[in-house]
Amino acid sequence: MDVLVVHGGAGLWRSPSRRAKRELLAALDVGVAAFRRGSALEAVEEAVAHMENSGVFNAGVGSALNLEGVAELDASIMDGSSLRAGAVGCVRTVRNPVKLARLVMEHTDHVLLVGEGAELLASVFKLSKLPPPSRSRRAEYRRRLSELLEKPPFFMERNIELVREHGGAFLYGTVGAVALDDNGNLAAATSTGGLWLKLPGRVGDSALIGCGTYADNRGGACSATGVGEAAIRVCLAKRVVDLMLRGFSPRRACRTALREMLELVNLPNAVIAVDRRGGVAAAHTSPHLLWSYWRRGEQPRARTRGLHVS
Ligand code: GLY
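Here's what I pulled together on the structure shown here. (Residues numbered from 1 in each chain as written. Predicted model: local features only at pLDDT ≥ 70, side-chain atom pairs only at ≥ 80, totals over all residues. Heavy atoms only, no water.)

## Let's talk about the site of the ligand
Here is step 1 of the chain: The ligand sits among Thr 174, Thr 192, Gly 194, Arg 202, Gly 204, Asp 205, Ser 206, Gly 226, Val 227 and Gly 228.
Here is step 2 of the chain: A distance of 2.6 Å separates an oxygen atom of the ligand from a polar atom in the side chain of Arg 202.
Here is step 3 of the chain: Take Gly 228: an N or O atom from its main chain is 2.8 Å from an oxygen atom of the ligand.
Here is step 4 of the chain: A total of 200 Å² of accessible area belongs to the ligand in isolation, and the protein chains cover 99% of it.
Here is step 5 of the chain: Grouping the constituent residues of the shell around the ligand by class yields one nonpolar, seven polar and two charged. (Near = heavy atom within 4 Å. Polar contact = N/O pair within 3.5 Å; in protein donor to acceptor, adjacent residues only side chain to side chain. Areas by Shrake-Rupley, 256 points an atom, 1.4 Å probe, with all protein chains shown as cover. Nonpolar A, V, L, I, M, F, W, Y, C, P; charged D, E, K, R; others polar.)

## A closer look at the sheet that holds strand E6 (residues 186-192)
Here is step 1 of the chain: Here we have seven strands laid out as an open sheet, ordered E4-E3-E2-E6-E5-E1-E11, and mixed in their pairing. Lying at the two open borders of the sheet, with one neighbouring strand each, are strand E4 (112-114) and strand E11 (288-295). Geometrically, the sheet is characterised by an average inter-axis angle of 10° between neighbouring strands, direction not taken into account.
Here is step 2 of the chain: Across six bridges, strand E2 (residues 73-79) lies against strand E3 (residues 84-91) in antiparallel orientation. By the bridge assignment, Ala 75 is partnered in E3 with Val 88. (Pairing = 2+ DSSP bridges. Helix = DSSP H or I, 4+ residues; strand = E, 2+ residues; numbered from the N terminus. Axes fitted to C-alpha atoms, helices over the stretch in contact; angles between N-to-C directions.)

## Examining the side chain of Arg 295
Here is step 1 of the chain: If you trace the backbone, Arg 295 turns up in strand E11.
Here is step 2 of the chain: Within polar-contact distance, the side chain of Arg 295 engages the backbone oxygen of Gly 278 at 2.8 Å.
Here is step 3 of the chain: For Arg 295, the residues in contact, after removing those within four places along its chain, are Met 1, Asp 2, Val 3, Gly 278, Gly 279 and Val 280. (Contact = heavy atoms within 4.5 Å.)

Coordinates in, geometry out; function isn't part of it.
As structure tokens, this is what we get:
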């Protein structure tokens, strides 16, 4: 049974733009078409690459800028049939970090490459270059920086507080996908520009297998979004998959893992999951999560809420 689930980020926003919903559903279409050419792995890679290219999510072309005003991108991908995985962190010049993560998985002995080493691999394989940030993203950077500097202390919590006060797209937009194909293979992929105004060199959960991304054919697949520092501390994606391995439904696995995380730290996060029977779930501690899924015979629609965990 082919099943594809996609997300466009845990959100503090009230309502995502029509364009974001449209691009999310277009990513689903692209991923479903990729099933026909290949496997769950193709489907998650293509769906995530579409969202990276769209410019409306915090990934690829639309990525948040760090404290120096530079985009540093993270991504990862995992094949549940073999537990092979690839990931990249802190890449500044690559348009589609998810494709680079796939190359790390397929063409190197490694799992995670960062910075210049990852970019070297991208240039060997002639991956497309990331364009410079748009004028509106540079303006957004200046606005956020001046707000942050006006009211120290200079902590991530302060940054989140600012978004709670002013709204905006701070957490809106890490992208991810999980899939199950007709052969029973599961896959997961995640990509992000990370947190606005993060320190240069910061790597989030989206680059870390087990934290932002995990897939295991025996249990399920999971992609996470939200504040990476929280997801890293509990190995969130692996926790969700482990619970499915123990027989939990995707919904119960997502809820349990997020509840456990909330006991540790109250930050906005979210997960999507699919299990080996094709059951799907989306859950969030953030007010919203932009997500959708495709299953044969069902009409997909962009959803802004899943199971809210508090
Ligand atoms: N979850 C994306 C990040 O924290 O980088």
